[in-house]
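Below are the chains, spelled out letter by letter.
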Number of protein chains: 4
Amino acid sequence: MNTSLKQQVFDANMALPRHGLVTYTWGNVSAIDRDRQIIVIKPSGVAYDEMQADDMVVVDMQGKVVEGQYRPSSDTGTHLALYQRYPQIGGIVHTHSTHATAWAQAGLSIPALGTTHADYFAGDILCTRPLTPQEVEQAYENNTGVVIAETINTSHPLHTPGILVYQHGPFCWGKNAEEAVHNAVVMEEVAKMAWIACSINPRLRLIDTHLMNKHFSRKHGPNAYYGQH
Amino acid sequence: MNTSLKQQVFDANMALPRHGLVTYTWGNVSAIDRDRQIIVIKPSGVAYDEMQADDMVVVDMQGKVVEGQYRPSSDTGTHLALYQRYPQIGGIVHTHSTHATAWAQAGLSIPALGTTHADYFAGDILCTRPLTPQEVEQAYENNTGVVIAETINTSHPLHTPGILVYQHGPFCWGKNAEEAVHNAVVMEEVAKMAWIACSINPRLRLIDTHLMNKHFSRKHGPNAYYGQH
Amino acid sequence: MNTSLKQQVFDANMALPRHGLVTYTWGNVSAIDRDRQIIVIKPSGVAYDEMQADDMVVVDMQGKVVEGQYRPSSDTGTHLALYQRYPQIGGIVHTHSTHATAWAQAGLSIPALGTTHADYFAGDILCTRPLTPQEVEQAYENNTGVVIAETINTSHPLHTPGILVYQHGPFCWGKNAEEAVHNAVVMEEVAKMAWIACSINPRLRLIDTHLMNKHFSRKHGPNAYYGQH
Amino acid sequence: MNTSLKQQVFDANMALPRHGLVTYTWGNVSAIDRDRQIIVIKPSGVAYDEMQADDMVVVDMQGKVVEGQYRPSSDTGTHLALYQRYPQIGGIVHTHSTHATAWAQAGLSIPALGTTHADYFAGDILCTRPLTPQEVEQAYENNTGVVIAETINTSHPLHTPGILVYQHGPFCWGKNAEEAVHNAVVMEEVAKMAWIACSINPRLRLIDTHLMNKHFSRKHGPNAYYGQH
């Protein structure tokens, strides 16, 4: 059961170490099957180089394991909260990638500074507010998802497909698991560029709005002309 | 047709990921055949590890595809504008390499700070002015080339074979595609060094003029004595 | 004799270059057999790619070689001092990893800024006071261990399993050699993140206490739910 | 003739790209045979991956080629000036390694900040004064060596086996070519650490003198106890 989706989620998880986004077992990717109302996600704390496609865990929308021998990622509650809130999202990835996590620790949104950013994110990559002690104590992972959704506050979550959780790290998403990982790779790169750019010129300006819109729309708009599709 | 030039352009494109200058499908290299008035360029949005020499796209000087099954790079208009303006240029490369792009986002020219820079670039690597909303809206890629040419403003474009487009990233060139990529690798390295040097000593000085001229001329001048030629 | 422990210590030492924590022969890992009151440690100044498990040196609790053809690591005295002071420690690693060493040179503790840190270290990673000229002159390596122990000053050394020695570099530990190396990898990564985060926002705040406690306890507390155990 | 020394110099040159110290053909290593009064050095501008041991160039103490089909490195004059001035030096290396070069561009000595530095360099790694226009115009490479010697100004050049040439980059040396490269690797690493440490704490202090002397002498002093010798 769910062989194809398990393979997709496995492949997307294995892309994380290949792109240098994770240390040890950090990070996790999931995908949802909306028809069957299940999500497939990485098992918790399992090493990437010992993991197989069949080790992916299937959970229902309440987070109950319905298939698989392992516990699901400890962040499953956050994934579920985002899938429930946003029907456009098909895949989610969480990492502690170095530069994106540094922005989350700095407590600042990653500013949109150039076309590299605008090719994928139509605006700043926001940083959430701190979670309250109560939100951390009870249902912490679910509340993380709730606070992410509160911060996104848009009907177009794929237009800025990622966010920073304050003092924690990045979550990215996409229409499927592969695209979510793609966005995570891009976020890490733009986080690094933004750090360096701000270091070179602390008084630099945000990208001009017309340039941001041009780049996002030539790649993702109705008249997109980037790529072969 | 154009098999040899396609191979050269393909090889030059494949050097980009090998030198760590590109993420995913970012970046593109072209070369021109001035006799036949055609340019060969990377197809848009095609992954490097799936690309073959025969996938390179041949376009005429108006950007019309004359050979190849793919759409050419979305940046083709910029390449064409530069080839038309500067007969000395035989190859062009565009990347979003990390440190050069950070300088472009910072909106600052890369200052000539040492002999590493002066061995290839006879002065600062300039950053263009912002494009206006009108220049972005209509014929964006061609206008990018026009603004680059306006910024270079020299009859010796090979003396400083690269530039930063404001809030976008670097374009480099050379007498052919291979040399253009070589200059892009060097620009990324001097961009990184300049960031670190300015971080170490914000009040550092530009390279002494006599030292810059000595290094550029011992490598590229009429009495050059670097190398075996 | 001691074949199994030698193999563990050898494997842990070989993980250092694989994780990019050492240059040349820098760094050393040891483990203790508390029943037999011996420790096994890397030989001094031997290259990693020429080293074999049988080259590990066995010393008694006074640092006298009891097995092996090589001199033990010059830092053996520091390892011994820590094993003697803390019965919970089973393995120790010392490196000059780039970012952790930079914090030691800066003379500052690595502040707990995010969950990546809190998943392994339940508070700041402290920097010791300077050693006095007397402490450096006589029994230098033993005194380094004494000053580390003075700085830790806790009955739970595994709650913050690492420290910075002022103007020198990091020491990490764990319940065995493998875990000590794991903690050294994590310390280097959080040292890098903390540098970048402080560079992005010099006025950032320490991680909220409730968030730090949540992350440390969900991984290491009595009701831990991270991983498969 | 000179087969053994050519092999040593070739091996030392090939270590430069392996340690990430050079881009393209940058960098060069030489060694001297004091009995025969010849030096062996890398040919100018030849790619590392196409170079063979027999391509090394043999020159006499006036820089005249006495064996080999290639031109010697354009920096040969600097190597010769150092060999002539310091009989203790047996091998020399020049690179444009990223972080050491950034300090040279910043125009500042690399401060001795920790034991990593003191294990190899018994004090700051000095930066030379600027060369005058006259020194650059005539006999530039020889004058670079003269200014290095003027800056070292010691009878123990192996105690701080490297220097930064202002706005240019590092030169390192040792008792042979292999040791010179070893010192170049270490200098690049301490240059990186010093940049990061100064970024973390701009008001950090130089390493305590007693700690610096202890580390240098336990590795290089008459009673050295690091390593197996």
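Since this is a predicted model, take the numbers as computed values, not measurements.

Trainee: Provide a residue-level description of the sheet that holds strand 3 (residues 57-60) of chain D, including the pertinent values.
Mentor: Residue and element names in this part refer to chain D. The strand order across the open sheet built from seven strands is 4-3-2-1-5-7-6, with neighbouring strands paired in antiparallel fashion. Of all strands in the sheet, those with a lone pairing partner are strand 4 (65-67) and strand 6 (162-165), marking the two edges. This sheet shows a mean twist of 25° between the axes of neighbouring strands, independent of strand direction. Bridge analysis of strand 2 (residues 38-41) against strand 3 gives four bridges, and the strand direction is antiparallel.

Trainee: Give me the pattern of salt bridges: which residues, what numbers.
Mentor: As enumerated under the stated definition, the model contains 32 salt bridges over all chains in all. For R218 of chain C, the salt bridge is made with E141 of chain A, and the minimal N-O distance between the two is 2.6 Å. On the criterion of chain membership, the pair formed by R218 of chain C in helix 8 (residues 209-220) and E141 of chain A in helix 6 (residues 140-152) is interchain, its members lying in two chains. Overall, the relative accessible area of 10% leaves E141 of chain A in the buried class.

Trainee: Give a detailed account of the environment of P161 of chain A, specifying residues and quantitative values.
Mentor: Residues and elements named next belong to chain A. Structurally, the position occupied by P161 is in the loop between helix 6 and strand 6 (162-165). For the pair P161 and L126, spaced 35 residues apart in the sequence, the C-alpha separation amounts to 10 Å. Discounting chain neighbours no more than four positions away, the residues touching P161 are Y120, F121, C172, W173 and N183.

Trainee: Please give an account of the interface of chain A and chain C that cites residues and values.
Mentor: If you look at the interface, chain A gives 34 residues, while chain C gives 38 residues. Together chain A and chain C conceal approximately 3,100 Å² of surface at their shared face, both sides included; 55% is due to carbon and sulfur atoms. Along the contact surface separating chain A from chain C lie two salt bridges. Of the residues forming the side of chain A that touches chain C, the biggest block, seven residues, is contributed by helix 3 (residues 98-106) of chain A.

Trainee: Can you break down the sheet that holds strand 3 (residues 57-60) of chain A residue by residue, with the values?
Mentor: All names here are of chain A. In space, the seven strands of this open sheet follow the order 4-3-2-1-5-7-6, with antiparallel pairing throughout. The open sheet is flanked by strand 4 (65-67) and strand 6, the only strands paired with a single partner. Averaged over neighbouring strand pairs, the angle between their axes works out to 25° when direction is ignored. For strand 1 (residues 28-33) and strand 5 (residues 91-94), the ladder comprises four bridges, and the chain directions are antiparallel. Among the inter-strand pairings, A31 is bridged to a residue of strand 5, identified as G91.

Trainee: Give a description of the relation of the copies chain A and chain C that names residues and reports values.
Mentor: Copies of the same chain, two in number, are related to each other by a rotation about an axis and a translation along it. When chain A is fitted to chain C, the residual RMSD is 0.0 Å, and the transformation amounts to a turn of 90° plus an axial shift of 0.0 Å. Taken together, the rotation and translation relating the two chain copies correspond to the operation of a four-fold axis. Minimal C-alpha distance to the rotation axis in chain A is attained by S199 of chain A, lying at 5.4 Å. A different interface surface on each copy is seen, since only 3% of the contact residues of chain A are contact residues in chain C too.

Calculation rules
- Residues numbered from 1 in each chain as written.
- Chains lettered and ligands numbered in written order.
- Predicted model: local features only at pLDDT ≥ 70, side-chain atom pairs only at ≥ 80, totals over all residues.
- Heavy atoms only, no water.
- Pairing = 2+ DSSP bridges.
- Helix = DSSP H or I, 4+ residues; strand = E, 2+ residues; numbered from the N terminus.
- Axes fitted to C-alpha atoms, helices over the stretch in contact; angles between N-to-C directions.
- Salt bridge = Lys/Arg side-chain N within 4 Å of Asp/Glu carboxyl O.
- Buried < 20%, exposed > 50% of the residue type's maximum accessible area, 1.4 Å probe, protein only.
- Contact = heavy atoms within 4.5 Å.
- Buried area = accessible area lost by both parts, 1.4 Å probe.
- Least-squares fit on C-alpha atoms with pLDDT ≥ 70 in both.

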